[in-house]
Structures are given as C-alpha cells and as structure tokens.
There are 4 protein chains.
Amino acid sequence: MSESGTQGRKMNLAQIRAFLEDHFPQIGPGNDLIVEAVGSMTARLRLAQQEKHLRPGGTISGPSMFALADVAIYIAILGEIGVGDDPAKVPMSPGARTVTTNININFLRRPIARDLIADAKLMRVGRRLAVGEAWLHSEGSDEPVAHAVGTYAIPAEISADVPFMIALH
Amino acid sequence: MSESGTQGRKMNLAQIRAFLEDHFPQIGPGNDLIVEAVGSMTARLRLAQQEKHLRPGGTISGPSMFALADVAIYIAILGEIGVGDDPAKVPMSPGARTVTTNININFLRRPIARDLIADAKLMRVGRRLAVGEAWLHSEGSDEPVAHAVGTYAIPAEISADVPFMIALH
Amino acid sequence: MSESGTQGRKMNLAQIRAFLEDHFPQIGPGNDLIVEAVGSMTARLRLAQQEKHLRPGGTISGPSMFALADVAIYIAILGEIGVGDDPAKVPMSPGARTVTTNININFLRRPIARDLIADAKLMRVGRRLAVGEAWLHSEGSDEPVAHAVGTYAIPAEISADVPFMIALH
Amino acid sequence: MSESGTQGRKMNLAQIRAFLEDHFPQIGPGNDLIVEAVGSMTARLRLAQQEKHLRPGGTISGPSMFALADVAIYIAILGEIGVGDDPAKVPMSPGARTVTTNININFLRRPIARDLIADAKLMRVGRRLAVGEAWLHSEGSDEPVAHAVGTYAIPAEISADVPFMIALH
C-alpha cells in the first residue's frame, strides 16, 4: 500500500488528488472522502465521519459505506490506468470515464460512529473491465464492518471530441 | 401495488409513513425519499431529485440509487411483517430492527436529472430472512437505470428491555 | 416468450438449437439442459431432472441451479446478438465467445425433485456488456426457488484468424 | 490454514472428512472435491480435474467452479460450528443443516485444465448467518481465476425429532 512499486501504475497519490480536485469536487479536498494511499492494484480511503453519515443509534449509514467502497475501488483502478498526459483530454480519458457496473456489498457488523477506512484491492484489470474488492473497518479496529466487490467498465479511447461525461457514480 | 389485497400484510401506507416519521426522520416527510405505495409484497418509493444527489454531468449518484433501492425493499418487508401493536415496543420490534445484510446492484443506464422511482418486490419473506428486488427508473421512462437484489435479516422477538438499536442502514 | 416479435433479434429457436448442437454438446440434444423458447430479450430453459442433479433428501443441487440460470441468460443474449451468417466464422463470433463475468444467485426455496424451469430476461444488451436475470421454478409451481442476475462480456469482432476459444462457462 | 489454533473451532480435518463420508458422499472420498485443510475460519479444498468438468477448449466449467467455492465456504463454517457430539443427532445439527442463501461469483480468468484450489475465509460467523469468501486458483499458479462471496443460513437447534433434511446445496 506504499507509494513504492509503481511499476506499471499510471498515477501516484499526488496526481490522483489533483485529478479529483479538478474533476470530482465531491471527493476532493474539504470533502468527507479522503484518498490516503495508493499502491500497486490498491488504494486506501477514509470516510471522515460527519453528522450526515449517521443514523439514529450512532451507526454509519449503508449508502455512506457503499460510497466509500465504490470510490475506493475506482481510485485503485485510476492508479493503474491513469488519465493520460494531455490535460485537455483528461475528461475524455478512459480513466475519467470508467463507470461502476455492479457492486455486491455485505454488511458484516454495525460500524461505530468513527472514521471508516476502506482498503481496496483489484482482482483483475483488463482492457475493458476491472474487478476489485474493498474491506471496510472502523479506525482503530481490525474487524471488517463491510465487504464489497465491484465491476467497472473501462471505455475505449475516444479520438474525436465528444460531450464531456463524468465517470463516477 | 394498490392498498387493496392487504391480507397478511401488517402495515398500510399511512401506518408506514407514521412509523418512518417517528423513527426514521431521514426517510420521513420533508425528506428526499418518499413512500408512494405499498402492496402485497411490494412498495414504490420516489427519490425527489435534489442538487445533492447529482454528479457533474447531471446524473444521479450511485449512493443515492443504492439508498433508494435499499429503503424500497425494506419498506416492502415492513409492510409484510409490521412493527407490532404496542407503541412502546415498536423500536424493539423485529420490523424496526430488520437490517440489510447484502445488496447486489447493477447500474444499467445513466439516469437523467429527474426523480427516480423504485419498484420493490419481495421474493421471499421467511421467519428470519427476507429477499427482495428493486427496479429503478427515471420518472416518465420505462427503461430501468438500475436493479438491486437485497437480503435482510429479521431479528427474533425480544422479551426483555434491551437498549434501543435502530434498524435501517 | 413467443417466437413472434423477432425484430432486432438475430437467432430463433431452431438456429439456437443447431448452434448448441454443433458447438456446445453439453447443452445440446440428449443433454439435460433444453432450450424451450426464445423471445425478445428472453429465453426459457428446462433442466430435465436426472439422478446426478440430486442431493440426499431429493433436492436439486446448487451447481445444477447455477448452471441452468447461467445458460438461460446466455441463450437470451445469443438470441439478441447472434453468431453471424458465415458458418466458418461462427466459433469466433462475439456471440459464441461471450463469457460470464459475474453471477449473483439467491436460493429462495428448496426445489423438489422435478424438472426446473428458468425464465431469463435481459435487462440491458450493450455493445460490450449484457446484463440479465433468471427466475427458476419447479415445473407445475409458480413459486421461485432461485433468482440469479448475471453480467456477460461480449468480445469485439475478430478479423484475423485466432485460436478457437469456446465461450460458455 | 494449519490445524493449530483450533480454539473455538468445533471440527478438525479428520472429523470433517468423516462427516462428509457419512453424510455427503458427493463430497467425500473418491469424489472430485477434496478437503485439504481447515483452520481458524478457513478451509482449503481441491477440485481434482476430471473430464466431466471440462468445456470444449479445455477450460473448467463455471458450475464446477461455483460448486468448489460454495462447498469450500461451507466447510469453513462447518469447522467453526460443528455438528455436535451425539452421532444420532448429527443430521439434525445446525452445522449439517446449514444452507447457502446467496453466492456472488466473479469469473476473473479462464482456468486451465488443471486441479483448482479454493481458499475459503469466513468474514463473520453469527448465530444465524455466516458470510465468507473463496478465492480460486489453478494449481501451481497464484493468479485467481474466480472469487466468490457467500451467505449461509444456520438453522436453530432442533429439540424434537424432525424429518431428515440435508443441508448442502
């Protein structure tokens, strides 16, 4: 999960953060989802616990856990496939336009009202499909609170100018 | 999907709305998730499209779709199993403490920036597990934008006083 | 589920059966999986109950149900995308090389020792991915015994001669 | 994955093999599914490659992989919850009557015609539900060919004499 071993990977932590700040403000700085590390086929994200994530009883909501897992797997894919070198073409790059097609999530334990950590690990990155998993646990605990497996469609390169379409769910 | 055919069902639309208002303010009146109908093994919910659900490009976020599907299936279960007749025991009733254990969601098409409708239908309601599906489509369109299947654990009756634990993710 | 309404579809029941006989003997005539009908975005298959499908207690095994659901969704896709018109190129056609990438199956009730019917219905057929569901029930009963949702990858056309690779799991 | 660390576990490898031989002949000795190891919350199984598992092209069929993953997770659960001490009550024990309720399987790579190994690891064993995953790889390779996550329902103890019902899918 370190920054070493970047062979083959296309984006490092700083590049991913810059991309998110520009293109996905809902994940970027100041938001509740924080990219903490990327590595070979992996990513670690934090959900900074906020009032809006909570349900009565002090537990973190299912949709918040879903979002954390989904974005964590997507960031791991982004690290592998990148968004290209031409800033003008970033929004149309396969990395920026990758979309979630399927997620299967198991809720294992009720999380406490604390930051949640997601460790994503890719199982396979093909030319057109990537599959990965994410384990979620509360900060300071080893017990998983949820586990998700997701499939992502990687679009083909686009040569022509196409209308900007954003990727992430 | 009508209110008729309530044989076997334990809660009608008005009772479900009252329960949500009291116990799940995040789903109740004034919120973005609206229970429109309940029927035998079914429920229809609406996600009233708001700025916060949108992603750049004007599409509705994955977590918003996940939440809509999850709650729709839960409401269909609630209609079947109810929360009992004793107001004091409602929070401890199996219906109120039912939790999502697994959801598998497929994202089929990019939804437009319009209200989303979820039609939930239960496949099976056992004593301890219920399984249901939800089809999501944009208002005014027949094409599904997402499909989810979920499993829910129904806890046993509690005789003693236990600490209040809220059910829904 | 009739043979009418073939607009857009590429193969009818007779063509599918001929293709299976030639290329998937494990599904073809004399075998236990029988294609009973194909329609617009749909297929109906039968698992002819045999001793080898049974578990002690007289119930049909999970892998047998999995196989029935998987093949039923695949056949519905095949009806939509076909295998082309050139017999020499059939094995390399996208339809013949379509593969299952994900299946999520819920076991709802214990099937009795009788033929199982699968009704498959596609949710979406894209250029590269198709998603469909299958409902399984025992012959003579309406109650579903299992429900599956599957994602299938449709390969691109191949121009050059490539080694023969078979499609179906 | 060793036999050490049996604290809490209820059955060791020899006990599991004896149970399977008596109650699940389709998994027992002489069959194609071999339990190689059990450990704390884990199990390793082998699918001894046979002609009947193959598809044209020399790849192992999806249903064979599904069966291997399903049984591997079940065996890991069995190691944890056991089948009790009274031989007469084994068939009615919760362990023997545990059933698969949901499996989500991703096919990652085409397996070669060689033995398949499944490494199952439980995520959670509750009183009534257990959730686990299984990674499948070809013997002699580290690359996963499939990954499955499954949910299993653990029935309550039965006091009275009930008709024998077999557990495994």
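These numbers come from a predicted model, not from an experiment. (Residues numbered from 1 in each chain as written. Chains lettered and ligands numbered in written order. Predicted model: local features only at pLDDT ≥ 70, side-chain atom pairs only at ≥ 80, totals over all residues. Heavy atoms only, no water.)

**Examining the relation of the copies chain D and chain B**
Okay, step 1: Rotating chain D by 180 degrees about the axis while translating it 0.0 Å along that axis superimposes it on chain B, leaving an RMSD of 0.0 Å. Overall, the copies show the geometry of a two-fold rotation axis.
Okay, step 2: The overlap is high: 100% of the interface residues of chain D also sit at the interface in chain B, so the same surface is used on both sides. (Least-squares fit on C-alpha atoms with pLDDT ≥ 70 in both. Contact = heavy atoms within 4.5 Å.)

**Some thoughts on the interface of chain D and chain B**
Okay, step 1: Across the contact, nine residues belong to chain D and nine residues belong to chain B.
Okay, step 2: Together, the buried faces of chain D and chain B total about 650 Å²; carbon and sulfur atoms form 49% of this surface.
Okay, step 3: There are two residue pairs in polar contact (both at pLDDT 80 or more) connecting chain D and chain B.
Okay, step 4: Examining the composition of the side of chain D that touches chain B, we find that three residues originate from one element, strand β5 (residues 99-107) of chain D, more than from any other.
Okay, step 5: Its residues assigned to classes, the side of chain D that touches chain B comprises five nonpolar, three polar and one charged. (Buried area = accessible area lost by both parts, 1.4 Å probe. Polar contact = N/O pair within 3.5 Å; in protein donor to acceptor, adjacent residues only side chain to side chain. Helix = DSSP H or I, 4+ residues; strand = E, 2+ residues; numbered from the N terminus. Nonpolar A, V, L, I, M, F, W, Y, C, P; charged D, E, K, R; others polar.)

**What about the side chain of C:S93?**
All names here are of chain C.
Okay, step 1: Position of S93 among the secondary structure elements: in the loop between α2 (62-81) and α3 (94-97).
Okay, step 2: Classification of S93 by relative accessible area gives buried; the value is 5%.
Okay, step 3: One polar contact links the side chain of S93 to the main-chain carbonyl oxygen of V90, over a distance of 2.7 Å. (Buried < 20%, exposed > 50% of the residue type's maximum accessible area, 1.4 Å probe, protein only.)

**Some points on the nonpolar core**
Okay, step 1: Ranked by internal contacts, the top residues of the largest apolar core, which has 87 residues, are A:F19, A:I75, A:L136, B:F19, B:I75 and B:L136.
Okay, step 2: In contact with A:L136, not counting residues within four places along its chain, are A:M65, A:L68, A:A69, A:L116, A:I117, A:A118, A:E143, A:P144, A:V145 and A:A146. (Core = buried A, V, L, I, M, F, W, Y, C linked by side-chain atoms within 4.5 Å.)

**Examining the pattern of salt bridges**
Okay, step 1: The tally for this structure, following the rule as stated, stands at 20 salt bridges over all chains.
Okay, step 2: Notably, a salt bridge pairs C:E143 with C:R109, separated by 3.3 Å at the nearest N-O pair. With C:E143 in the loop between β7 (129-138) and β8 (144-153) and C:R109 in the loop between β5 (99-107) and β6 (116-125), this residue pair connects regions lying 34 residues apart in the sequence.
Okay, step 3: The class for C:E143 is partly exposed, based on a relative accessible area of 44%.
Okay, step 4: You can call C:R109 partly exposed: its relative accessible area is 23%.
Okay, step 5: A cluster of three or more residues bridged by salt bridges with shared partners is formed by A:E36, A:R46, A:D115 and A:E139. (Salt bridge = Lys/Arg side-chain N within 4 Å of Asp/Glu carboxyl O.)

**Comments concerning α2(C)**
Okay, step 1: Its 20 residues place the ends of α2(C) 29 Å apart at the C-alpha level, agreeing with the 28 Å of an ideal helix rising 1.5 Å per residue.
Okay, step 2: Counted residue by residue, α2(C) has 19 buried out of 20 residues, so it is predominantly covered. (Expected span 1.5 Å × (residues − 1).)

**What about the pairing of strand β5 (residues 99-107) of chain A?**
Residue and element names in this part refer to chain A.
Okay, step 1: Taken across its nine residues, β5 has nine buried, putting it largely inside the fold.
Okay, step 2: Where β5 meets strand β8 (residues 144-153), eight bridges bridge the pair, whose relative direction is antiparallel. Across the sheet, residue T100 finds its bridge partner in β8, namely Y152. (Pairing = 2+ DSSP bridges.)

**Quick look at the sheet that holds strand β8 (residues 144-153) of chain D**
Consider a sheet: its strands pair through backbone hydrogen bonds, and that pairing is either parallel or antiparallel.
Okay, step 1: Within the open sheet, the 12 strands sit side by side as β1(C)-β2(C)-β6(C)-β7(C)-β8(C)-β5(C)-β5(D)-β8(D)-β7(D)-β6(D)-β2(D)-β1(D). Their pairing is antiparallel. The sheet is open, and its two borders are formed by β1 (33-39) of chain C together with β1 (33-39) of chain D, each paired with just one other strand. Neighbouring strand axes in the sheet, compared pairwise and without regard to direction, differ in orientation by 20 degrees on average.
Okay, step 2: As paired elements, strand β6 (residues 116-125) of chain D and strand β7 (residues 129-138) of chain D share nine bridges and run antiparallel to each other. In the sheet register, D:L116 faces β7(D), and the bridge partner there is D:S138.
Okay, step 3: Packed on one face of the sheet, α2(C) meets β1, β2 (42-47), β5, β6, β7 and β8 of chain C together with β5 of chain D and runs near 45 degrees to β6(C). (Axes fitted to C-alpha atoms, helices over the stretch in contact; angles between N-to-C directions.)

**What about the packing of aromatic side chains?**
Okay, step 1: If you walk through the whole model with that rule in mind, you get 14 aromatic pairs over all chains.
Okay, step 2: With a centroid separation of 5.5 Å and an interplanar angle of 70 degrees, the aromatic rings of A:F19 and A:F24 are classed as edge-to-face.
Okay, step 3: For A:F19, a relative accessible area of 5% translates into the label buried.
Okay, step 4: Owing to a relative accessible area of 0%, A:F24 belongs among the buried residues under this scheme.
Okay, step 5: Centroid distance A:F107 to B:F66: 6.3 Å. Interplanar angle 55 degrees. Geometry classified as tilted. Of the two residues, A:F107 sits in strand β5 while B:F66 sits in helix α2 (residues 62-81), which places them in two different chains. Here A:F107 matches B:F66 in class, with each residue buried. (Phe/Tyr/Trp six-rings, centres within 6.5 Å; stacked < 30°, edge-to-face > 60°.)

**Overview of the packing of helix α1 (residues 13-23) of chain C against α2(C)**
All names here are of chain C.
Okay, step 1: For the pair α1 and α2, interaxial distance at closest approach is 10 Å and the crossing angle is 115 degrees. Taken as a pair, α1 and α2 cross one another with a handedness that is right-handed. Taken together, the residues of α2 that come into contact with α1 (itself represented by I16, F19 and L20) are Y74, I75, L78 and G79.
Okay, step 2: Of the residues assigned to the contact of α1 with α2, the class counts are six nonpolar, one polar and no charged. (Left-handed = near helix turned anticlockwise from the far one by under 90°.)

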